[in-house]
Amino acid sequence: MKTLELKFGNEEDKTVTVTLDNPIEPADPVAINTAMDSIIAQQAFYSAGGELTSKKSARIVERNVEEITL
């Protein structure tokens, strides 16, 4: 399963990660950048360390799980 991780800085300069399942691929850096700007401007999320204040990074993460029969 793939997820899109958006990493923000908050008022305490700690990293806050927002994770979205099943991102559209290929990723559109302009759209992601715009969405992150909107999240900050609208104060859409609040963290224990305060409001989100900056963009740190974005990445697509893929996780593979393989069941082991016991």
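Residues numbered from 1 in each chain as written. Predicted model: local features only at pLDDT ≥ 70, side-chain atom pairs only at ≥ 80, totals over all residues. Heavy atoms only, no water.

A.B. asks: Help me understand the pattern of salt bridges, please; the structure alone is not making it clear to me.
C.D. replies: Think of it this way: side chains of opposite charge can pair up when their charged atoms draw near. One pass over the structure, following the stated rule, counts five salt bridges. Taking the shortest distance from any N to any O, the salt bridge between Lys2 and Glu25 comes out at 3.0 Å. Separated by 23 residues along the polypeptide, Lys2 in strand E1 (residues 2-10) and Glu25 in the loop between strand E2 (15-21) and helix H1 (29-41) bring together distant segments of the chain. Residues Lys14 and Glu12 are paired through a salt bridge, measuring 3.8 Å at the closest nitrogen-oxygen approach. Exposure remark for Glu12: the relative accessible area of 48% places this residue in the partly exposed category. Three or more residues joined by partner-sharing salt bridges are found here, namely Glu5, Lys7 and Arg59. (Salt bridge = Lys/Arg side-chain N within 4 Å of Asp/Glu carboxyl O. Helix = DSSP H or I, 4+ residues; strand = E, 2+ residues; numbered from the N terminus. Buried < 20%, exposed > 50% of the residue type's maximum accessible area, 1.4 Å probe, protein only.)

A.B. asks: Looking at this structure, I do not really get the sheet that holds strand E4 (residues 50-62). What am I missing?
C.D. replies: To summarise the sheet geometry, strands pair through backbone hydrogen bonds and adopt either a parallel or an antiparallel arrangement. Taken in spatial order, the four strands line up as E2-E1-E4-E3 in an open sheet, and their pairing is antiparallel. The strands lining the two open edges of the sheet, one partner per strand, are E2 and strand E3 (46-47). Two strands pair when backbone bridges link them, and E1 and E2 are joined in this way by seven bridges, in the antiparallel orientation. Counted as the bridge partner of Leu6 is Val18 from E2. (Pairing = 2+ DSSP bridges.)

A.B. asks: What's the story with the nonpolar core in this structure? I'm lost.
C.D. replies: Nonpolar side chains tend toward joint burial in soluble globular proteins. By size, the foremost hydrophobic cluster in this structure holds 10 residues: Leu4, Leu6, Phe8, Val16, Val18, Ile32, Met36, Ile39, Ile40 and Leu52. Listing elements by their share of this core, those giving two or more residues are E1, E2 and H1. Sorting elements by how many residues they give to this core places H1 first, with four residues. Other than its neighbours up to four places away in sequence, Phe8 contacts Lys14, Thr15, Val16, Val18, Met36, Ile39, Ile40, Leu52, Ser54, Lys55 and Lys56. (Core = buried A, V, L, I, M, F, W, Y, C linked by side-chain atoms within 4.5 Å. Contact = heavy atoms within 4.5 Å.)

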